[in-house]
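Secondary and tertiary structure notes
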Amino acid sequence: MASKERVTVNFFVTPERYPWHGALWSVLARQFEQLPHALLLQGRPGLGKHDFAVQLAQALLCEQSQEGTACGKCHGCHLFNVGTHPDLSCVGLVEDARNITVDQIRALGDFLSLRPHTATRKVVIISPADAMNLNAANSLLKLLEEPPLGSMLLLATSHPARLPATIRSRCSRLLFRLPVPSVGQAWLQARPEIRDPALLLDLAGGAPLLAESLARSEFPSTRVKLLQDLASLAQGREHAVACAARWKSLGTEQALGWLHGFVSDLLKVCMGAPASSLLNPEAVTHGETIKNKYKINELYSFIDAILEKYRQLNSPLDELLMLEDILIRWVRLSRLQ
Ligand SMILES: [Zn+2]
């Protein structure tokens, strides 16, 4: 449900090494001189795959890296940090483009066909790799099948299933897992501007960087308003039409995305999972236990309806009517149980 990630490399700030990457760095450090020519960095959004790729690229281009860590002082590191290293190419979404295009990948072929300028190899970062359109992916496949000597390709993606199987099978997979909650919370707690790290981490599904970006957005206060509206609707204190207008002003896509996550969590709890702090059960159920309040099949139908609305977002259909319809369904769902 998340919108497409748009990442850029800020060469002037070397990305932080995240504590939950420690095990992956250890694995890479042990085989740093014999790394495969293509790595697919995959895992959920908000785990720092792109930053990892940038750090790895710097280490690969560093003239005196040690155990997978760039020195930060050599000529290669200097060029890297000012964004002018001639042996690095980073491919991503350009401005408002929806895809990485075949021209961008063809340019990589030209880049890799030349000998390295100052380093011992050439490094390419493609992020988010799932944004490649079919022609771009086919063009990349040729590079992966016959990789130029000394080339190293780092592909980062939160949606590996969107990549052709032929691409995935030619890369070695580096799987990014969610950190244990205490690690994610400790990292968030070190940021004084972040309040309630436990809740944010829950809202982000355990991904610390996503939690950090949520904290910077208006989402925490928006979420409180959405929860209050659901409670008011369920208790008959509010009309769906009035709520729909508010939800539209908050952003239809965000509201539907949040509702999908909320109802999915409700469903999990009804199926026996422990209640999470996401649900704020007091707000929506008058203190009744969630498990007894909702029927599983009704929740499934509701989730289908939300997804249907989500799919219609870019159609000519009126967003206000869409939201009214979905909130009327919520009222029925809450009262008929
Ligand atoms: Zn260096």
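What counts, and at which threshold
Residues numbered from 1 in each chain as written. Predicted model: local features only at pLDDT ≥ 70, side-chain atom pairs only at ≥ 80, totals over all residues. Heavy atoms only, no water. Helix = DSSP H or I, 4+ residues; strand = E, 2+ residues; numbered from the N terminus. Buried < 20%, exposed > 50% of the residue type's maximum accessible area, 1.4 Å probe, protein only. Contact = heavy atoms within 4.5 Å. Salt bridge = Lys/Arg side-chain N within 4 Å of Asp/Glu carboxyl O. Donors = N, O, S within 2.8 Å, 3.2 Å for Na, K, Ca; no water. Tetrahedral: all angles 85-135°; square planar, octahedral: opposite > 155°, others 65-115°.

A few words on the side chain of Asp229. Its place among the elements puts Asp229 in helix α10 (residues 219–234). Asp229 gets classed as buried once you look at its relative accessible area, which sits at 7%. Beyond its immediate chain neighbours, meaning those up to four positions away, Asp229 contacts Cys243, Arg246 and Trp247.

This structure, assessed with the given rule, holds 11 salt bridges. Arg170 serves as the salt-bridge partner of Glu145, at 3.4 Å between the closest nitrogen and oxygen. Taken as a pair, Glu145 in helix α5 (residues 134–145) and Arg170 in the loop between α6 (165–169) and β5 (172–176) lie far apart in primary sequence, 25 residues in all. For Glu145, a relative accessible area of 41% puts it in the partly exposed group. With its nearest N and O atoms 2.8 Å apart, the salt bridge here joins Glu238 to Arg246. On the accessibility criterion, Arg246 (33% relative accessible area) is partly exposed. If you follow the salt bridges from partner to partner, you end up with Arg191, Glu212 and Arg216 in one network.

Ideal values for angles at a metal depend on the geometry: 109.5 degrees with four tetrahedral donors, 90 or 180 degrees with six octahedral donors. Around the zinc ion, the protein contributes the donor atoms Cys62 (SG), Cys71 (SG), Cys74 (SG) and Cys77 (SG), which lie 2.3 Å from the metal centre. Each of the 4 donor atoms around the zinc ion contributes to a set of angles spanning 104 to 116 degrees, which defines the coordination as tetrahedral. Read in sequence order, the donor residues for the zinc ion give the motif C-x8-C-x2-C-x2-C. Classification of Cys71 as partly exposed rests on a relative accessible area of 24%. By relative accessible area, which is 7% here, Cys74 ends up buried.

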